[in-house]
Structure formats: structure tokens, C-alpha cells
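Below, each chain spelled out in residue letters.
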Amino acid sequence: MRTLSRPVTFWALAATIALYLAASAAPTPLYVVYQDEWGFSATTLTLIFAVYVFGLLASLLVLGALSDHVGRRPMIAVSLALEAVAMVLFIAAGDVVVLGAARTVQGVATGIALSTMGAALVDLNPPENPGLAGVVSGLAPIGGLALGALGCGALVEYGPAPEQLVYVIVLVGLAAAVGLVVRMPETSPRVPGARASLKPQVAVPIRVRAEFLAMVPILIATWSLGGLFLALGPSVAAQVFDMPNHVIGGLVVTLLCGTGGLTIYALRNWSFARALGLAAGFLAAGMAVSLVGLGAELALVAAIGTVIAGIGFGAAGRGTFGTIAAIALPTERGALFAAFYVVSYLAFSLPALAAGLASQSAGLRPTAIVYGAAVLVFSLAAILVQRRLASRQARIAPVRL
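Residues numbered from 1 in each chain as written. Predicted model: local features only at pLDDT ≥ 70, side-chain atom pairs only at ≥ 80, totals over all residues. Heavy atoms only, no water.

(A) Geometry of the overall build of the protein chain. Counting its regular elements, the protein chain contains 15 helices and 0 strands. Against the compact-globule benchmark of 21 Å for 401 residues, the protein chain has a radius of gyration of 20 Å, which places it among compact chains. In terms of its C-alpha atoms, the protein chain occupies a principal-axis envelope of roughly 60 × 55 × 35 Å. Counting all 401 residues of the protein chain, 52% fall into the buried class. Counting only contacts in the protein chain whose residues sit at least 6 apart along the sequence, the fraction spanning at least 24 positions is 85%. Just so you have it, the protein chain exposes about 16,500 Å², and 70% of that area is on carbon and sulfur atoms. (Helix = DSSP H or I, 4+ residues; strand = E, 2+ residues; numbered from the N terminus. Rg over C-alpha atoms; globule rule 2.2 N^0.38 Å. Buried < 20%, exposed > 50% of the residue type's maximum accessible area, 1.4 Å probe, protein only. Contact = heavy atoms within 4.5 Å. Areas by Shrake-Rupley, 256 points an atom, 1.4 Å probe, with all protein chains shown as cover.)

(B) Up close: the pattern of salt bridges. A full pass over the atoms with the stated rule returns 3 salt bridges. Put simply, Glu 297 and Arg 365 hold a salt bridge, and the shortest N to O gap is 3.5 Å. One end of the pair, Glu 297, is in the loop between helix H12 (272-296) and helix H13 (299-327); the other, Arg 365, is in helix H15 (residues 364-396), with 68 residues separating them in the sequence. Judged by relative accessible area, which is 29%, Arg 365 ranks as partly exposed. (Salt bridge = Lys/Arg side-chain N within 4 Å of Asp/Glu carboxyl O.)

(C) Representation of the packing of helix H7 (residues 132-158) against helix H11 (residues 246-266) in the model. Interaxial distance between H7 and H11 falls to 8 Å at its minimum, and their mutual angle equals 165°. Here H7 is positioned roughly antiparallel relative to H11, judged by the angle of their axes. Here H7 and H11 pass one another in a crossing that is left-handed. Considering only residue class, the contact of H7 with H11 consists of 16 nonpolar, 8 polar and 1 charged. (Axes fitted to C-alpha atoms, helices over the stretch in contact; angles between N-to-C directions. Parallel < 35°, antiparallel > 145°, perpendicular 65-115°, else oblique. Left-handed = near helix turned anticlockwise from the far one by under 90°. Nonpolar A, V, L, I, M, F, W, Y, C, P; charged D, E, K, R; others polar.)

(D) Quick look at the state of the cysteines. According to the stated counting rule, one finds 0 disulfides in the structure shown. In this structure Cys 152 is not part of a disulfide, and its nearest cysteine sulfur, from Cys 257, lies 14 Å away. (Disulfide = S-S within 2.5 Å.)

(E) Fine view of the nonpolar core. Leu 13 and Ile 218 are the most contacted members of the largest nonpolar core, which totals 111 residues. In terms of residue count, helix H10 (residues 209-239) provides more of this core than any other element does, 15 residues in total. (Core = buried A, V, L, I, M, F, W, Y, C linked by side-chain atoms within 4.5 Å.)

(F) Expanded view of the packing of aromatic side chains. With the rule as written, the count across this model stands at 14 aromatic pairs. Judged by centre distance (6.5 Å) and plane angle (65°), the ring pair of Phe 321 and Tyr 341 falls under edge-to-face. Here Phe 321 is found in helix H13, whereas its partner Tyr 341 is found in helix H14 (residues 333-362), with 20 residues between them in sequence. Following the ring pairs from residue to residue traces out a cluster consisting of Phe 49, Trp 223, Phe 321, Phe 337, Phe 340, Tyr 341, Tyr 345 and Phe 348. Taking the ring centre of Tyr 52 as reference, the NZ or CZ of Arg 103 above it sits at 4.3 Å. Here Arg 268 stacks its cationic end above the ring of Tyr 265, 4.0 Å away from the centre of that ring. (Phe/Tyr/Trp six-rings, centres within 6.5 Å; stacked < 30°, edge-to-face > 60°. Lys NZ or Arg CZ within 6 Å of the ring centre and 35° of its normal.)

(G) Seen up close, the environment of Ser 379. With respect to the element layout, Ser 379 can be found in helix H15. In the structure, Ser 379 is positioned 96 residues away from Leu 283 in sequence and 6.2 Å away in space, judged by C-alpha atoms. For Ser 379, the contacting residues outside a window of four places in its chain are Ala 221, Ala 280, Leu 283 and Ala 284.

(H) Just the side chain of His 246, in detail. As for its position among the elements, His 246 is in helix H11. His 246 gets classed as buried once you look at its relative accessible area, which sits at 17%. Contacts of His 246, omitting those with residues within four sequence positions, involve Pro 29, Val 33, Gly 153, Val 156 and Glu 157.

(I) Local environment of helix H6 (residues 96-124). With 29 residues, H6 extends 40 Å between its outermost C-alpha atoms, agreeing within 8% with the 42 Å of an ideal straight helix rising 1.5 Å per residue. For H6, the side-chain oxygen to backbone nitrogen distance between the N-cap and Val 97 is 3.1 Å, and the N-cap itself is Asp 95. (Expected span 1.5 Å × (residues − 1). Polar contact = N/O pair within 3.5 Å; in protein donor to acceptor, adjacent residues only side chain to side chain.)

(J) Layout of a nonpolar patch on the surface. Taken together, the side chains of Phe 54, Leu 346 and Leu 350 make up a nonpolar region of the molecular surface, amounting to roughly 240 Å² of accessible area. Residue placement: Leu 350 occurs in helix H14. Owing to a relative accessible area of 42%, Leu 350 belongs among the partly exposed residues under this scheme. (Patch = residues over 30% accessible without salt bridge, like charges linked within 9 Å, V, L, I, M, F, W, Y side chains within 5 Å.)

(K) Molecular detail of the environment of Arg 333. Examined against the element boundaries, Arg 333 turns out to sit in helix H14. Relative accessible area serves as the criterion here: at 35%, Arg 333 is assigned to the partly exposed category. Sequence separation between Arg 333 and Ala 203 is 130 residues, and the spatial gap between their C-alpha atoms is 9.5 Å. Other than its neighbours up to four places away in sequence, Arg 333 contacts Ala 325 and Ala 328.

Now the structure itself:
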């Protein structure tokens, strides 16, 4: 069987990453359907969302470096098998227990896929375009989220068997990805140390601690905003703005993630520091506009705010990922990225879970307003912290980024 060329493998892996993230966003428009059928609360909904994140984070921390030792192809194969199991569980789901199990398995599969395929993209990065892997690694996941949410919303609204069809389509995509794995070249030879790599290493070296801590407010703002949209976005559209159409529910996520993806591409030649400077301002402005829309129950105003925040969302992704890669020495990269993911995914899941709990007693609209206000505060804090760090670096030495 003929082995795929390195350029073809590169873009096929990018498409597969997008497929995984599209699949992860697919349940979002369906949550409202599941709630109506099974009668569970917003708290249960956000818990189902959270178990996906916890599975993903655990797999990143424990299995994230394993492909460096056993090879990329075996780990990609494992992730494809687990993702297929998750899709079968989604298709068969008849209650929240099976749905939660499907999301947990999907989280583990996605964590393996992101770490392994992301590393493979770096392995396959064409030498004439050294920054391509970084841009694609940021663009493919966020683009997948945007397409998955909108596509599933359309299938749920207009297609047959809404609770099964989208997962069948993903299974077909996974079958195509198996063909990729069979024919792709192995880009990482086997080396000893597989067992030792399973021990999570989370650390922030002292010499880069200031830069890392300066990113924490923007990480919390962006990832908690993404968590809110993916967990409760369609519910807000249906209950607050009286828009129960499932396409609208998917569009809520697409406005944020799609704008973010376009922004990552538009800023591909910007410095990381400049992207971070843009991110916090747009996040703050977008959340301010969105809060006006939520308070006045004006859907168009809230949508405009989401697009503005989406620019900040994408700029933050470009700036934070790039900054971590730039400041970490090769021997520090694994532990530092682990710390980055811990902060990011906790911000992605815990606030959304708290919002689900709060909405039970306070209501969805007041909860969304308070949540948005918190994102706004962290965005403003990010502006102040980044300015202080830039001033400090200017006094001590030239800026490194």
C-alpha cells in the first residue's frame, strides 16, 4: 500500500483534528432536545459538559507525551477507536448516564488526538513555511467547533433522526481517518521511557513565571467564555431570546468560534504580544455589548457583541499558545504546556458548571449576565496585567516575543 506524502498527511491530519472538534461541538445544539425528552436540569447539562472536559484534560496530562515514545500512528489509532466508541454510545443513548459516558470517552479520545496530531503537524511542518503548523493547530480546532455546532444545529432542525444522524456522519469521517492512519508515514520513532511519560508533569519555571501569570486573566476570560457558549449557549438563545430553532442554537457557538478562527488566520503574521494586546480589548468590548443585549433581551445586539468578543477569542488563542511555545525551552515545554492546559480547561469547565447550578435558583438570564460580567472583569484585568508586564520588560530588557 502506497504511503501518503508528507504534505498530504499534514492536511489530512488538520482535517481530522477539525473532525474531532466538530464532533465535540455536535452535542451542543442537542442538549436542548435531550433536556426536553429526559427532563434533566441545567445543572445536569453542565455536568455532562464538564465530564468531557475532565476526560480531555486527564488524557492530555497522562497520555499527552506517550506518542513521543510509542509513535504517532499507534496513538492516533487508539484515539480513533475511542472516538468511534463514543459515537456508538451517543447513538444508543437513552438517558443521562449513557450520555455522560459518551462525553467522557469522547473527552479522552479528543485529548489523545489533540496532543498526538498536534505533535505530528509539527513533525510534518514544511521547512519553507515554519509557522504553518502553529497556525493550523490553532485554526483547525476552533474551525471544527464552529462547523460542528452549526452543522449539527441544521441537522437537528431539518434532518431525520436528529439524535443519531450527526454521530453516524462522524463515524463515516472516522472511517476515512482510519485510511489515513494506515497510509501515513510514522513521524516519531519509538524511544524508551513510555511508562515514565505517563506521570503528569506540571510546572512553571521561575524565569517565565511573570509571563505565564500575566496570561492567566486572559486565559480565564477566553476559556470560560467558550465554556459558557458550548454548555449553555443554545439554552440562552431558546429561553432568553425565545429562539428555539436549533440552527440558531448552533449559530451561537459559530459566531464566537467562527469569528475566532478567521481572526487566527488574519493575525497569522502578527507577533504574539501584539495579538494578546488586541485580545483583551476586544473581549472586554464584546462582553460589554453582549451584556447590553442580554439585559435588554435584544438578540441582534447580543450577536454583535459575540462577534466582537470572537475577535478577542481568536486573538487570545493566537497569542497565548504562541507565547507559551516561544518562552519555553524544549526541556520545559511539556510541563509548561501542562500547566497551561490545567488553567485553561479548568476555566473552560468549572465556571460553566457553576453557572448551571446558579441558573436553577437565579434563572438563566441573570446567571448569564453575571457570568458575562465576570468575563468582562477578567478581560479588563488582562489589559492592566499585560500593560504592567510590558512596562516591566521594557525597563529590564528588550521584549522577547
